[in-house]
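Coordinates in review
One-letter residues, chain by chain:
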Amino acid sequence: MMVQRFSSEETKKAMHSVVKEMYDKIVGGEPPTMTLPVRTKNNIGFDAKLGVYKYGKKRSIRDATSLGSAKQLLRALYVVEFIEEMIDAGKSSTLREMYYISESWGLGKFGSQNESNNLAEDLEIVTKCLREDFKLRPEEDGARMIGNLTLRERNRRGEWMRINARDDVGDSGYGVPYNVESEKIELLENDIDFIMAIETGGMFDRLIENGFDEEYRCGLLHLKGQPARSTRRIIKRMSEEWDLPVVVFLDGDPWSFRIFASIAYGAIKTAHISEYLATPSATYLGITADDIVAYDLPSDDLSKKDVEALNAELSDPRFADSWWQDQINMMLELGKKAEQQSLAKYGLDFVTETYLPEKLAELGLA
Amino acid sequence: MAGIAQKLASNQKQVAISEFFEKNKHFLGFDSLSRSLITAVKEAVDNALDACEEARILPEINIQIKKLDLKKDIIELKVEDNGPGIPQKSIEKVFGQLLFGSRFHAIRQSRGQQGIGITGVVMYSQLTTGKPTHVRSKISTESTAAVVDIGLDTRKNKAVKSNQGRELWELKDGTMKQHGLEVTTQLKAKYQKGRQSVWQYLRMTSIVNPHAEINFIDPEGEIHHWPRVTERLPTKVESIKPHPHGIELGQLQRMLSESTDSRLSVFLRMNFSGVSNRAAKELCAAAELDVGVKPKQMKPDHIRALLEAFQGEKMFNGKPVKMLNPPTNCLSPIEEMLIKKGLSKTIDSRFISTMTRAPNVSQGNPYQIEVGLIFGGNMPADKAVEVLRFANRVPLMYQQGGCLLTKAIESVDWRQYGLDQPGAKGVPKGPAAILVHLASTNVQFTSEAKEALAENEEVIEEARKAMLEMGRGLRKHLEKKKKMAKTQEKFELINDILPAIAAKSAEILDKPIPDLSGSITRIMSAVIGETSTVWNKETKQTDVSITLYNYTSRSRAYTILANWPEKSGAKLVDNDTGGRKEAMGVWAWKLQTLEPGERIVISYSLSGLEKGDWVETDIFYRGSQEVIGAMKMDEKYLEEIRNQENIMIEMNLESGEQVESSDDSTADSESPEIDLDEIIASLGEPKVPPPSGQSTLFGGEL
C-alpha cells in the first residue's frame, strides 16, 4: 500500500488553510488560532483499517492569548512562507538550515532548533503533508544495512546506481539516506528470508563477523537507537514490497520496548503518518523478560526512571495485548533489565550459534 | 581641677595608666591588634562626624593607613576632616582628657556613647609606640592652623604637649584649608580585610551617614571612595533629662547628692522629663516623703523609697504614679529615604525596602527602630544575607549572634517573603542585606565590649514588626515584578506579534490586513495600569504618570491610589486630575468611567526631592475588576498607615508640651572628683550611665 503524496499545489493549498484559520479569526474579532491533534498517548488509537496506531479525535487549539503561543503562530506563518518559496524555487533545506534562516525572521525567529523541528511536525500534522512535501530534510542519522539485497539509488547527479548490500559495500554496510521514497530509492531484488533490525552497533558487527547474514539468509539492519523516520520507512517498504518478515532484536529494557512499538505500531510523535512508517507485521525477538530468566543473563537493577517507563507502558494502548502486559509485568517483578551483549557471558558465538537460532526457530524462521 | 591622675600620682602608682589599659583593653576596644586599629579609626571618624553634625557642616573625611614597620606591626593612621576644627586652647582637653565633653551626662542620642574617646587612642599610641599624636587644627576665624604633639608621660601619668606652633594649612590643590582637623598617630596594630575590618567599618559608616563623603587609602595604596549622596544633614537632636522609669539607684543617689534644690518636689520637676507638678507631688506621697525635703540630705532608705515610687512599686491611691512619656525629639533616625540612598550607593541591587517605625519608649528611654532590606544585584544567592547592625549610627561589627537586632531578624519567617531560610530558623539566605538601626538615648549592651545589644522584649518586638512590614514590601515587589513581566508580555503580544500575524497572513493569502481591535480586546480582556516615575532635570522635580487602559468589552469605573514620599517632605504639584489625600503618603483619584478601548492618564510631579529619592510609584485600585499592574487597596494597610501617623502626631504633641513645661537647667553642675575605679566601673557597665560633670584622667595640669 502506498501512502498518498501531495503535489506542490496541493501542499500549498493545505498550508493556506492553516493561514486562513488565523486570518479569519482576526477578521471575526477573535484571537487567531491553530488547531492541532493532541499529541499524547491518551489520544492515539488503533486504526483497524491501516493496522497501525493513529491520533484520535482530541484537538487542542493554540491561540494567540499568550505571548508564547502567539509567537508560535507567527513562526508557523514564516515557515509557510519559506516552504512556498522553496517549492517555487525547486530547493530543499534541512531543519537545521531553516532554524538558522529564521534568524532573519525578526519576531518570528526560533528560540531553539527543537522549536523549529516541532513546528515542522505541527504543520505536517495539520496539513497531512509529509515533511518531504515541505522540502525539509532531517539531520537524523540513517540506518546501515548488510545482506544479499539489491536496490537502486539516485545519486546527486541524478543517475541511478545499482547497489547490492552484500557485494557492493564495505564492513559498515549500505547507508540509508534520509529520503527513501520512490523518487530516490527503488527496491530491486533480494535473496533473503527475513530482515533483522538490531539496536546496537556492537551486536550488528558481531553478527556480521560471525557471518550470520549468510548462514541464516537475512538482511541485517542497524537501528542506531531510536530509529529515524527513513529507517522505519525503509523497513516498511522492504516488508511490504518484498513481502519479507521483520524481526527486531533489541536490549531487554523499557526503552527497547518503545523502539519496537515505534517500528511496529507507530510512534506517538509521528502518529499522523503511522500508516506510512509502521510495520505492523514486525516481531519482537528479544531480549524478553523471559530470556533474562531462561538464559540466566547478567542483568542490572531497574532504575526509578525504568520503572516509571514500564508503568507508563502498561497504560499505553500499543502495549495493551496480553503478551506485552505479561512481559512488562514480569520485568517489573524481576526488577531487572539486560543488554543484548550480555549474551556474551556464554562466549562470542553463543548469540549466533544458540540464542538466535533458538529464538528464530520459535518463529519458524530457522 | 583635681583629677584622677593627680590622685594616682600622689599615690605613686607609676604604672596606673598602662595597668588601666591592660586590665580594661577588652572593653576599651584595644584587645587585639586588628581591633585596635578599627577602634582608633572609629574614635577619630565618630568625632569628625559628630563635630560636623553639630556645626551643620557636610562632612568630608579622609582616612589613610600606612604600614611603617611590618615586623613590629607599627601602623600610621591619619584622619582628616572638614569640621569646624578645635580652638588651640581646647586641643589638649579633647585629646588629653578622658571622658571629655557632654557625653556622659546628657541624655540624648549620640555616637560617643560607645567609646572611651580619642584620648584612648592617644594613650594606646603612646603606650605601644612611645610616640605622641600629631594634631593639626584650623578654625575659620583664624588664618593659620594650630599644630601640637600630644603625648603621655607614663612616668608622671600626665599628658604632655610638645612642638606647639602655628602653620599655614595648604591643600593639595594649592588653596588654603578653611577649617578642619587632622590627627596623625602611630600605633601597634594590624590591618586586616573582611567582615571585621577598617574597610567594613567605613563602608557601614557610609551607609548610615549618606551625607558624608568618605575617602580611604589602604596600606596597599588603593583608594576607596564612598560618595555623599545627599545634602541633607541629620536632624539636630535635643538633649533631654532622664525619665524616672529609666533611672537606677546609683544614678539617682548621685543626682540627689549633687542637687542644689531645696525641695524634693522641685528637684523632681526640674531634673526629670515626664514629671509634672502633679506627678512630683504624687511621687513624694507614694514614697511617703515630704515634698519639702532637701534632696542633698536624703537618707539611703528614702532614696530607695523614691526609686520604688518611680518604678510603680510604691503607689499613690493604689495606682502607680502616672507620668508623661519622655519627648522623642532627642532621637535622630536616619529616615527611610536616606537609608535607601546609603544602601544603594554601597551595594549594587535591584530593590530596596525600608521602614522607620514611630519612636517608642522602653523603661523611660526613647528609642526608634529602623530597618532596610536590599535585594538582588550581585549579592550571592546561596549565602546568609549580610546583616548590618547599627546603634545610634555606629556600626556594630562583632558578636552578631548574641545581638538583639540579629535575634529580631531571626524571629521572622522569611520564607513567606521570598527569602530562603532552612527550617524558618536563623539568619535567612539569599541575595540580600538587612540593615537594622536602633536609635536610643540609652543603648543597652550585653557586655562591656559594646558590640551586641542586650535583650529587650519591647525593642525586639518593635524591630520584628518593622521587619515584617519590610518583608511585605519585598514580597509585593517580587509579585509586582512577576505581574509586570506578564503585562509587558501582553503588550508585546498586541503591539508587535499580533500585527505581524495579521500582516503576514494577509500577505500569504493576498488579502487586505484586517482590523485588530476585536482581537486585542479578546486577548487582553483586562484593565491595565502602567506607571512611570522619572526625574526631570529642568524642573528639578520627579514626574509621575499613571496610565489606565480598559481592554475589556465593558465600561469600568475605578478609584486609583498612589503612594508618594510625603513623610520625606515631598510636595505633590501639577496634579491636574485633582483627587484627595487618603492617608499619609497616599493620594486617591476617583476616575470617570472608562469605556472599552479607552485610556486615561493621571500625571503630577513631586517637588522637594533630590534625584534618585523616588524612582518607583506603586499604584492601588478600588473597584471590582482587577487592574493588572496595580494592587487591590488593602484597607487594613491604609488603617495601619493612619495609626502610625497618629502616633507620630501624638508624640510630637507630647514632646512639644515637654519643652514648654520645663526649662533647661541643672544637668551640668560643678564637677566633683571621681576616682579611676569608678570610671572604669561606669565604663564597664553595659548601660551608659549618666554621671554628671566632667572628670578628667589627666587633671587640669596640661
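For the structure, see preceding data.
Residues numbered from 1 in each chain as written. Chains lettered and ligands numbered in written order. Predicted model: local features only at pLDDT ≥ 70, side-chain atom pairs only at ≥ 80, totals over all residues.

**Things to note about the overall build of chain B**
Secondary structure assignment for chain B yields 16 helices and 24 strands. Here chain B holds 702 residues, and the buried ones make up 44% of them. Expressed as a percentage of contacts within chain B between residues at least 6 apart in sequence, the contacts between residues at least 24 apart total 73%. (Helix = DSSP H or I, 4+ residues; strand = E, 2+ residues; numbered from the N terminus. Buried ≥ 20, exposed ≤ 12 C-beta atoms within 10 Å, placed from the backbone. Contact = placed C-beta atoms within 7 Å.)

**Here we look at the overall build of chain A**
Helices and strands together make up the secondary structure of chain A, namely 13 helices and 17 strands. The burial tally for chain A puts 42% of its 366 residues in the buried class.

**Remarks on the nonpolar core**
Membership of the largest hydrophobic core comes to 100 residues, with the highest contact counts inside it found for Val41(B), Val371(B) and Ile434(B). The biggest single contributor to this core is helix α3 (residues 33-54) of chain B, with 10 residues. With near-sequence residues (within four places) excluded, Val371(B) lies in contact with Thr354(B), Met355(B), Ile434(B), Leu435(B), Val436(B), Ala463(B), Ala466(B), Met467(B) and Met470(B). With 66 residues, the next largest nonpolar core counts Ile259(A), Tyr276(A), Leu277(A) and Leu310(A) among its residues. (Core = buried A, V, L, I, M, F, W, Y, C linked by C-beta atoms within 7 Å.)

**Observations concerning unusual backbone geometry**
Of note, the amide linkage connecting Gly286(A) to Ile287(A) takes the cis form, showing an omega dihedral of 0 degrees. Mapped onto the fold, Ile287(A) is located in the loop between β15 (283-286) and α10 (289-294). Positive phi values are uncommon outside glycine, yet Lys224(A) reaches one of about 55 degrees. Tracing the backbone through its elements, the reader meets Lys224(A) in the loop between β13 (218-222) and α7 (229-241). The residue Asn163(B) is not glycine, and still its phi comes out positive at about 50 degrees.

**Here we look at the sheet that holds strand β9 (residues 160-164) of chain A**
All names here are of chain A. Pairing is antiparallel in the open sheet, where three strands are placed in the order β9-β8-β11. Lying at the two open borders of the sheet, with one neighbouring strand each, are β9 and β11 (185-190). Adjacent strand axes in the sheet meet at a mean angle of 20 degrees when their direction is disregarded. The pairing of strand β8 (residues 149-154) with β11 spans five bridges and is antiparallel. Within β11, the residue paired with glutamate 153 across the bridge is isoleucine 185. (Pairing = 2+ DSSP bridges. Axes fitted to C-alpha atoms, helices over the stretch in contact; angles between N-to-C directions.)

**What about the packing of helix α1 (residues 8-27) of chain A against helix α4 (residues 113-127) of chain A?**
Two quantities define a packed helix pair, namely the angle between the helix axes and the distance between the axes. Residues and elements named next belong to chain A. The geometry of α1 relative to α4 is characterised by a closest axis approach of 9 Å and an angle of 100 degrees between their N-to-C directions. Classified by the interaxial angle, the pair formed by α1 and α4 is roughly perpendicular. For the pair α1 and α4, contact is made by Ala14, Met15 and Val18 and by Leu123, Val126 and Thr127, respectively. Classifying every residue of the contact of α1 with α4 by side-chain character gives five nonpolar, one polar and no charged. (Parallel < 35°, antiparallel > 145°, perpendicular 65-115°, else oblique. Nonpolar A, V, L, I, M, F, W, Y, C, P; charged D, E, K, R; others polar.)

**As for the pairing of strand β20 (residues 586-590) of chain B**
Residues and elements named next belong to chain B. The alternating pattern of β20 places Trp587 and Trp589 on a buried face, while none of Val586, Ala588 and Lys590, on the opposite face, is buried. Here strand β19 (residues 580-583) pairs with β20 via three bridges, running antiparallel. By the bridge assignment for β20, lysine 581 is matched with tryptophan 587. Counting the residues between successive antiparallel strands, the hairpin from β19 to β20 contains two residues, one of them, glycine 585, with a positive phi of roughly 80 degrees.

**Here we look at the packing of helix α8 (residues 254-264) of chain A against helix α11 (residues 304-314) of chain A**
All names here are of chain A. Their axes nearest at 9 Å, the elements α8 and α11 cross at an angle of 40 degrees. Two secondary-structure elements touch here, α8 through Pro254, Trp255 and Phe257 and α11 through Asp306, Ala309, Leu310 and Glu313. Each residue belonging to the contact of α8 with α11 can be placed in one class, and the counts come to five nonpolar, no polar and two charged.

**Description of the interface of chain B and chain A**
With 21 residues of chain B at the interface, the matching set in chain A holds 23 residues. When residues of the side of chain B that touches chain A are traced back to their parent elements, those giving at least two are α13 (457-509) and α14 (517-524) of chain B. Ranked by residues supplied to the side of chain B that touches chain A, first place goes to α13(B) with 14 residues. Broken down by class, the residue content of the side of chain B that touches chain A amounts to 12 nonpolar, three polar and six charged.

**Looking at helix α10 (residues 300-310) of chain B**
Turn by turn, an α-helix covers 3.6 residues, leaving residues three or four places apart pointing in a common direction. All names here are of chain B. Listed in full, the buried residues belonging to α10 are Leu306, Ala309 and Phe310. Down the axis of α10, the buried side of the element spans an arc of 105 degrees, and every buried residue falls inside it. Every exposed residue of α10 that faces more than 90 degrees away from the buried side is listed here: Pro300 and Asp301. Elements that come into contact with the buried residues of α10 comprise α7 (249-258) and α9 (277-286). Where α10 ends, the next residue or the one after it, glycine 312, has phi of about 85 degrees, a positive value. (Arc of directions from axis to C-beta.)

**Some details on the pairing of strand β1 (residues 60-69) of chain B**
All names here are of chain B. One ladder, built from five bridges, connects β1 with strand β7 (residues 213-217); its direction is parallel. The partner of isoleucine 63 across the bridge, within β7, is phenylalanine 216. Across seven bridges, the pairing between β1 and strand β2 (residues 74-81) is antiparallel. Note on β2: the bridge partner recorded for asparagine 62 is glutamate 80. Remark: four residues form the turn of the hairpin made by β1 and β2, two consecutive strands paired antiparallel; aspartate 73 in that turn has positive phi of roughly 55 degrees.

**Quick word on α9(B)**
Among the residues of α9(B), those classed as buried are Ala279(B), Ala280(B), Glu282(B), Leu283(B), Cys284(B) and Ala286(B). Downstream of α9(B) by one or two residues, Glu288(B) has phi in the positive range, about 55 degrees.

**Remarks on the sheet that holds strand β21 (residues 599-607) of chain B**
Residue and element names in this part refer to chain B. An order of β18-β21-β16-β15-β23 is seen for the five strands of this open sheet, with the pairing classed as mixed. A single partner strand is all that each edge strand has here, and the edge strands are β18 (571-573) and β23 (627-628). Across two bridges, strand β15 (residues 526-536) lies against β23 in parallel orientation. Residue pairing in the sheet places valine 527 in a bridge with valine 627 of β23.

**Thoughts on the environment of Glu458(B)**
Mapped onto the elements of the fold, Glu458(B) is located in helix α13. Linking Glu458(B) and Val361(B), residues 97 residues apart in sequence, is a C-alpha distance of 8.8 Å.

**Points about the environment of Ala485(B)**
Considering the arrangement of structural elements, one finds Ala485(B) in helix α13. Taking the C-alpha atoms as reference, Ala485(B) lies 9.6 Å from Gly629(B); in sequence the two are 144 residues apart.

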